[in-house]
Every structure is written in C-alpha cells, then in structure tokens.
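The residues making up each chain are set out below.
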Amino acid sequence: MINFEAKVKIPFLWGKSVFKKSNWSQINLIVGPNGSGKTLLAQELAKQLENEGYTSKFIKVDRNYQDQIHILHENVKIKEKIEKVLSNMFGKSIIFVEDINGLLIPIVKNKAWNVEYLLDDAECHGLREIISLLICLYNKDSNDCIFFDEPELHLHPQLQTFFMNEIRKEAKNSSRRIFFLISHSPFFIDLRTPEDLTGVIACHINKAPTSIDTLSAEDENLFRKFLPRFNTYHKQFFFSDNQIFVEGYTDQQMFTWLLSFMENDINIVGTGIIDVGGKDELGVFCKICQLIGTNSRFITDLDSLFSGKLRDVVSNDERVNMWLEKQYDKQISFYKKIFSKKEMMQKINLEKLIAMLEKFLVLIGNDIENYLNYNSVTDELSFFASKIKQLDSKYENAKNVDTYKTVIMQVINQQENEISQILTDVTRKKLPLVKNLFSLILAACEAARVYILPKGCIEHYYTQSTVKYMPVSAKDKLFRMELDFIQDAHKKSIRKNYAPLISILEKATSL
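Notes on the structure follow. (Residues numbered from 1 in each chain as written. Predicted model: local features only at pLDDT ≥ 70, side-chain atom pairs only at ≥ 80, totals over all residues. Heavy atoms only, no water.)

With respect to the pairing of strand 6 (residues 104-110)
Here comes step 1: Most of strand 6 is tucked away, with 5 of its 7 residues classed as buried.
Here comes step 2: Note that strand 5 (residues 92-98) and strand 6 share 7 bridges and pair antiparallel. Bridging across to strand 6, Val97 finds its partner in Ile105.
Here comes step 3: Relative to strand 7 (residues 115-118), strand 6 runs antiparallel, the two being bridged by 4 bridges. Looking across to strand 7, one finds that Ile107 is bridged to Leu118. (Buried < 20%, exposed > 50% of the residue type's maximum accessible area, 1.4 Å probe, protein only. Helix = DSSP H or I, 4+ residues; strand = E, 2+ residues; numbered from the N terminus. Pairing = 2+ DSSP bridges.)

A look at helix 4 (residues 76-86)
Here comes step 1: Of all the positions in helix 4, only Ile78, Lys79, Ile82, Glu83 and Leu86 are classed as buried. All buried residues of helix 4 fall inside an arc of 135° around its axis, so they share one side. Turned more than 90 degrees away from the buried face of helix 4, the exposed residues are Lys77 and Lys84.
Here comes step 2: Residue Asn75 occupies the N-cap position of helix 4, its side-chain oxygen lying 3.2 Å from the main-chain nitrogen of Lys77. (Arc of directions from axis to C-beta. Polar contact = N/O pair within 3.5 Å; in protein donor to acceptor, adjacent residues only side chain to side chain.)

Digging into the nonpolar core
Here comes step 1: Ranked by size, the top nonpolar core spans 116 residues in total, and within it Phe238, Leu305, Tyr335 and Phe384 carry the most contacts.
Here comes step 2: One finds Tyr451, Leu478, Leu483 and Ile502 within the second-largest nonpolar core, a separate group that totals 31 residues. (Core = buried A, V, L, I, M, F, W, Y, C linked by side-chain atoms within 4.5 Å.)

Concerning the pattern of salt bridges
Here comes step 1: Under the criterion given, the structure shown has 25 salt bridges.
Here comes step 2: As a salt-bridge pair, Arg177 and Glu170 come within 3.5 Å of each other at their nearest N and O atoms.
Here comes step 3: The exposure class assigned to Arg177 is buried, which follows from its relative accessible area of 3%.
Here comes step 4: Its relative accessible area of 3% is what places Glu170 among the buried residues.
Here comes step 5: In this structure, Glu325 engages Lys347 in a salt bridge whose closest nitrogen and oxygen atoms are separated by 3.8 Å. Of the two residues, Glu325 sits in helix 13 (residues 318-338) while Lys347 sits in the loop between helix 14 (341-344) and helix 15 (350-372), which places them 22 residues apart along the sequence. With respect to burial, Glu325 and Lys347 carry one shared label: exposed.
Here comes step 6: A single network of salt bridges, built from pairs that share partners, joins Arg168, Asp190, Arg192 and Asp196. (Salt bridge = Lys/Arg side-chain N within 4 Å of Asp/Glu carboxyl O.)

Thoughts on unusual backbone geometry
Glycine aside, residues mostly have negative phi, and peptide bonds are mostly found in the trans state.
Here comes step 1: A cis amide bond links Met470 with the next residue in sequence, Pro471, at an omega value of -5°.
Here comes step 2: Within the chain, Ala474 stands out as a residue other than glycine whose phi angle is a positive 55°.

Let's talk about the sheet that holds strand 3 (residues 27-31)
Here comes step 1: A sheet is described by the order of its strands in space; here 6 strands give the open sequence 4-8-9-3-10-11, paired in mixed fashion. Sheet topology places strand 4 (56-59) and strand 11 (207-211) at the edges, where each strand pairs with a single neighbour. Neighbour-to-neighbour, the strand axes of this sheet turn through a mean angle of 15°, independent of strand direction.
Here comes step 2: Examined bridge by bridge, strand 3 and strand 9 (residues 178-182) share 4 bridges and lie parallel to one another. Note that in strand 9 the partner of Ile30 across the bridge is Ile182.
Here comes step 3: Against the sheet, helix 7 (residues 157-173) touches strand 3, strand 8 (145-149) and strand 9, its axis set at about 160° to strand 9. (Axes fitted to C-alpha atoms, helices over the stretch in contact; angles between N-to-C directions. Contact = heavy atoms within 4.5 Å.)

Comments concerning helix 7
Here comes step 1: The end-to-end C-alpha distance of helix 7, which contains 17 residues, comes to 25 Å, matching closely the 24 Å that a straight helix rising 1.5 Å per residue would cover.
Here comes step 2: Three or more residues of helix 7 are buried, namely Leu159, Gln160, Phe162, Phe163, Met164, Glu166, Ile167, Arg168, Glu170 and Ala171.
Here comes step 3: Looking at the packing, one finds that the buried side of helix 7 touches strand 3, helix 4, helix 6 (125-138), strand 8, strand 9 and helix 8 (194-197). (Expected span 1.5 Å × (residues − 1).)

Observations regarding the packing of helix 13 against helix 20 (residues 431-446)
Here comes step 1: Contact geometry for helix 13 and helix 20: axes closest at 11 Å, N-to-C directions at 175°. For the element pair helix 13 / helix 20, the angle class is roughly antiparallel. On the side of helix 13, the interface is formed by Val320, Trp323, Leu324, Gln331, Phe334, Tyr335, Lys337 and Ile338, while helix 20 contributes Leu433, Asn436, Leu437, Leu440, Ala443 and Ala444.
Here comes step 2: Split by residue class, the contact of helix 13 with helix 20 holds 11 nonpolar, 2 polar and 1 charged. (Parallel < 35°, antiparallel > 145°, perpendicular 65-115°, else oblique. Nonpolar A, V, L, I, M, F, W, Y, C, P; charged D, E, K, R; others polar.)

Brief notes about the state of the cysteines
Here comes step 1: According to the stated counting rule, one finds 0 disulfides in the structure shown.
Here comes step 2: For Cys136, which is in no disulfide, the shortest distance to another cysteine sulfur is to Cys145 and amounts to 15 Å.
Here comes step 3: For Cys445, which is in no disulfide, the shortest distance to another cysteine sulfur is to Cys286 and amounts to 9.7 Å.
Here comes step 4: Cys445 gets classed as buried once you look at its relative accessible area, which sits at 3%. (Disulfide = S-S within 2.5 Å.)

As structure tokens, this is what we get:
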C-alpha cells in the first residue's frame, strides 16, 4: 500500500465534486466510459506525484514507436531483455541490428519456416506496440511512476495478459515504482488480492471518480474467497455504470433479448446483462459496486429477500436507509399496525422490515399447515399444498428455509382469495399487512438499484409454460421453449406477453 494524498478537480466534467484518494496500490487501474475524464485525471495525478518528489512518465495513446527504439541504443540491457522475452512468442524470435546509418532495426525470424524479415515491413501494429510498451516498462531508471494510456491498443488479448504479467514482475522487483493503466480492456482488470481493489479508480459521466481507500477485515475475507471466480466477462461493469447483474444464464439471455423491445431505447446504450453464480455471488458483486461507487443494477429472485449475501448488503446500503428515513412519516401509521411500541422506539430499517415479513409468512404457513392436516383443499390450491408437503418432507424445519417463505409469499400474491378461505380470522387479517409490507420492501430495495422479481424467478414470467412456485425444475427445457417463441413472435406480442419483465428493465435502466 502506498500513501499519497491526491485531490483533483475538473469542474467542466464533475461540477463541484472533487476526487480524493490517499491509499494507492502499486498497480492502479483508471477505468470507465469514454468522456468520463480518465486521461485528464491521470495527467493531474502525474503532476501531483511530481510535486511529492516522484519522477513520472506519461505514455500517450499516440506513442511513437521509432522514438522508443532509440532508447535501445543507450540501454543494451533493455534491448537484450526484450529480445529474450519475445523470443518464444508466436513461434518467432526478434533481434535488433544496426543498419548502415547506425539505426536499430528489428528483425523477425519465423522459426517454422526459417525465414527472416524486417518487422516494419511485414508485421502488424500489435508486435510494434508491445515492443514500445516493454521499452517504457523496462526503462526503470528514468521514472518512479509510469502512466500507460490505453495500453490495449492493437494488442490481442494474449498480449494484453502478457503485458499485465510483465507489469506485475516489475512491480515486485521495485517497490518504489507505481504504475497507472488507463484502460477499456477487462484483460487489465487483473485483481488477485483484495488489496488490488484499492487500486481501481472508476470514472463516471458527470460525476467525480470513485474508489476504495480501505477495506474492512470482513470485506477482505469475502473478496479473498471470491476473486479467483471473478472472470473477464464479469469485469464489464468497471467500464459502465449501466450494467445489470442477474443470477443465471437464463435470466441473462431473457433480459438481453427483451432489452431490444423497450420503448425508451436511449437508456439502454451501454447496458449489458451479466450473469453470475446465484444470489450469494450477486451479493458480492453488489458489495464491490457499492464500495467502488459504480451505479450497477441487480435483478434477482424473490428468495434473495430471505437469505444470502445480497440481503445483507442491501440492508446496509446507505441509499436504502435514506429512502426509509424519508418514508417514515408517510408510513408511521402502517408501522404501528405491525410493530409493538417497544419495536417502534428502535430504528426501522430494511432488515427489521424483512424480519417482520418472515414472521408473518411463518405465521400464515403454520395456519395453512394446520388446515392441511385435517382438510382437503380445492383444485386451485392442490398444487400449492403438494409443494408445501414436499418442502416439509425435504427439510427438518422447512419454515426456516428461504424457499418455504418464498412459496408462502407466492401463494399470497397469486391466490389470495383462495388462501384466505382456509386461514383463521386472526391470520386472514394479516394478508393486507403482508402485501403492503412486501411492496414497501421491494421499493426500499430499488433505492439501492436492486430489483426483486415479485413473482419468484424468471420462469414465473414465461408465457409458453406455467410455473407457479419455487424451486423450478427442467429450467433449460423451459427456457428453450420460451426463446423459440421470442425469436418468432411479433414485437407487439412480445411487449404484451413480457410487460412485467420489460417494466422491471425500464426501472433498472432509468437514469
């Protein structure tokens, strides 16, 4: 960790906002969309580092390859190192020889065909770019801090990964050197340890950059377990605030298809749908986005309310707390109906609201099961009754399981009239309170840009099959049927059939 107090103002981009950061990684990544001020920020950081006694070098986008080659005249060690490093790439070797004018000329030898040729005559930009970058990287005598502006230009992903590995080697060999990469490439988001996250500076449109200065011990432990599963595809969110995270690939495919059927297509520019590995990993991504300051959005299944990391993160989100504080006066009469006087004396937060919802759902579940023990149910409720019995047989204490609470919430939403007929008078009166509380919780989650699927999961919105309750089996088969329909259906038909999902997308993509 490197301590350096930075303070940057760029009023025409960020207004009165100021970027401040004091803790830096040895390798820092400045990322974000075009026009967010990445290069301007880097240039200002270079000036401030020089004022602190560091020497710095800024490698611009329009770097001159020939100018870099001249450095090899003065430093034979760098020339020999580059020749050695590149000797086994692509089945070719590279050497630098002097021409009659004393200039160094790169010669490529194709080992497969035992042919030599001039690099400048026959090779693409990529090989010239990597040579230029390596010269700047290895020339450590001239600078303490080095800024690479868009090092990915003309480089194949293999070369980008190779160059990032070379930066890591140089950083390990010289603890004083600091590296800054201004990049649009996920291949440079090479996060191996929690500390690496403190080196990410996320730039935004019309807003000052954000970053993580320090991590709590709890977050360090969380990210240490998570980072090995963090792949290149997941890293899209570093480059745009408009990314939407979902739990699985069927959600990702459905929402990606439906994006093109939204009426307001201006808001979807730069939007991507990223699937992760379930609600717990969704919670980890939510935590990272929260800490770094990206405005990513999350669409998740109903059972996320009742367990998992996402619930914990959203419950502690400041945006949610602020929204609930603003709602307090409006909701106070409702709160008095569901909370005791003692409970009203304590702060009403999202965790408290969810806990109360769970209490109501278990109460209703008990009432339902008492009825089922002695009575049969109508055909409309028979499938629900069988689902409850399955959960009871599968789990020792089903009422503590998130799926059980989800199923109770689903039957209230879908079949309130039928379910009210088998409840006691006391419990029946709880149904309006439950529905009101449920709506309030969903709205609070939306303050953190987290959108709960109120019907359950994506399969409950399918039109080519009927799925009522969780958990859902044969998901892939159901998805294929739905996709076949979407690919052949008319735009109006899709907008009508998937109106609830499109409505959620419109919320998630709104500015």
